[in-house]
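Summary of the model geometry
Listed below are the residues making up each chain.
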Amino acid sequence: MILNGLKRSEVEIIECTDSSAFYLIRYIKVMCKYILMGSIDIKLVFIGFLGQPLVPLIGMFTSKPIIFDAFLSIYDTMCDDRKKCKPTSYAGRLFYWLDKHSCERADRILLDTNAHINYFTKTFNLPREKFSRLFVGADESLFYPRENTRDDSKFRIFYYSSFLPLHGTEYILKAAALLRNEGEIEFIIVGNGPEKKKARNLGMSLGLINTHFIDWLPYEQLPMEIAKADVCLGGHFSDIDKATRVIAGKTYQFIAMKKPVIVGDCPANDELFKDKKNALFVKMADAESLVNAILELRDNATLREQIAEAGYKTFLEKCSIAVIGKELKKIMETY
């Protein structure tokens, strides 16, 4: 999306990328390609997602400004979000160093929300002026308003997930259980991931009869399922700190398709959404709040339509690929 945005803004790009299966191989190949480019005339270097190991290495071979799209903190993701290691462990200290050192070496750092920027500045003791906020957006070649082709009378709630603790899928399942007697309401939950088995077991223990799990869909088919939904769950819904700092990528996709969306009431979502204007807010980690939001949207078609229209307008004005490209080009032109 960033590449497309820059191309639309007539920024000339020389791509130095690799899509090998393993990240270590990608890093090695990208570094080799960059070094072999030699003295190609460029004005700056842009390093994208999970580029923390690349920033200091490429910085050794260039005097040009480096713009780094950090996107997330490896330290936060591995230590606090997924709890793969402790902050004081060797791995935890390495991840912290990678985040901090790559941001120190970069001339400008991009993140998706100001709340996320505040986390980086405080956690890694970095100057605020090095950061710029750039919303994530969505792939508009796939995610755009489409006709709902369903012909049943169900009120469909759609959610997809990679089943990480961050997402708070358990609160959706608990909400579905509380709504089991609302016969016309059904939940479609798509995806797979680390906590999928746990989610299925919870669903069984709750005796869910209104929830359908779909393990996997080709990415290109995802918009067709979104189009069939009456309401989409953007999230995040957990009480993990990171959930308050980021806007879920799926949320951008839902509003790009002009769907009414429910999101968690947190500082990140506050930067783009207003409650009952272009989204409906719920308390984080609160199944009953989610139930109330679903029932309110079910019972108020006018509100659903208003939120869908306003959300789509928000996407076009603030999150489209064209807007992202223009904003990033302005940042680049300061160097």
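Residues numbered from 1 in each chain as written. Predicted model: local features only at pLDDT ≥ 70, side-chain atom pairs only at ≥ 80, totals over all residues. Heavy atoms only, no water.

Details of a nonpolar patch on the surface
Judged by side-chain polarity, Ile35, Leu57, Met60 and Phe61 come together as a nonpolar surface patch covering roughly 410 Å² of accessible area. Here Phe61 is to be found in the loop between α3 (54–59) and β2 (66–69). (Patch = residues over 30% accessible without salt bridge, like charges linked within 9 Å, V, L, I, M, F, W, Y side chains within 5 Å. Areas by Shrake-Rupley, 256 points an atom, 1.4 Å probe, with all protein chains shown as cover. Salt bridge = Lys/Arg side-chain N within 4 Å of Asp/Glu carboxyl O. Helix = DSSP H or I, 4+ residues; strand = E, 2+ residues; numbered from the N terminus.)

Let's talk about the sheet that holds strand β5 (residues 155–160)
Spatial strand order, β7-β6-β5-β8-β9-β10: six strands in an open sheet with parallel pairing. Here the strands that pair on one side only, and so sit at the sheet edges, are β7 (211–214) and β10 (280–282). Here the average twist between neighbouring strands, direction ignored, is 25°. Where β5 and strand β6 (residues 185–190) come together, six bridges link them in parallel fashion. The residue bridging Tyr159 from the neighbouring strand is Ile189, located in β6. Strands in contact with helix α7 (residues 169–178) are β5, β6, β7 and β8 (231–235); relative to β6, the strand with the most contacts, it is inclined by about 155°. (Pairing = 2+ DSSP bridges. Axes fitted to C-alpha atoms, helices over the stretch in contact; angles between N-to-C directions. Contact = heavy atoms within 4.5 Å.)

Things to note about the nonpolar core
Soluble globular proteins tend to pack their nonpolar side chains together in the buried interior. Grouped together as the largest cluster of nonpolar side chains are 34 residues, with contacts concentrated most on Phe158 and Ile226. Elements with a contribution of two residues or more to this core: β5, β6, α9 (222–227), α10 (249–256), β9 (261–264) and α13 (301–319). For this core, the element with the most residues is α10, which contributes four residues. Ignoring anything within four residues of it in the chain, the contact list for Phe158 reads Ile188, Val190, Leu222, Glu225, Ile226, Ala229, Val231, Cys232, Leu233 and Phe254. Grouped together as the second largest cluster of nonpolar side chains are 31 residues, Leu280, Val282, Leu290 and Leu295 included. (Core = buried A, V, L, I, M, F, W, Y, C linked by side-chain atoms within 4.5 Å. Buried < 20%, exposed > 50% of the residue type's maximum accessible area, 1.4 Å probe, protein only.)

A look at helix α14 (residues 321–332)
For α14, with 12 residues, the first-to-last C-alpha span of 16 Å sits near the 16 Å given by 1.5 Å per residue. Buried residues of α14: Ile321, Val323, Ile324, Gly325, Leu328, Ile331 and Met332, and no others. Looking at the buried side of α14, the elements it contacts are α1 (2–8), β1 (45–47), β2, β3 (108–111), β4 (131–133) and α13. (Expected span 1.5 Å × (residues − 1).)

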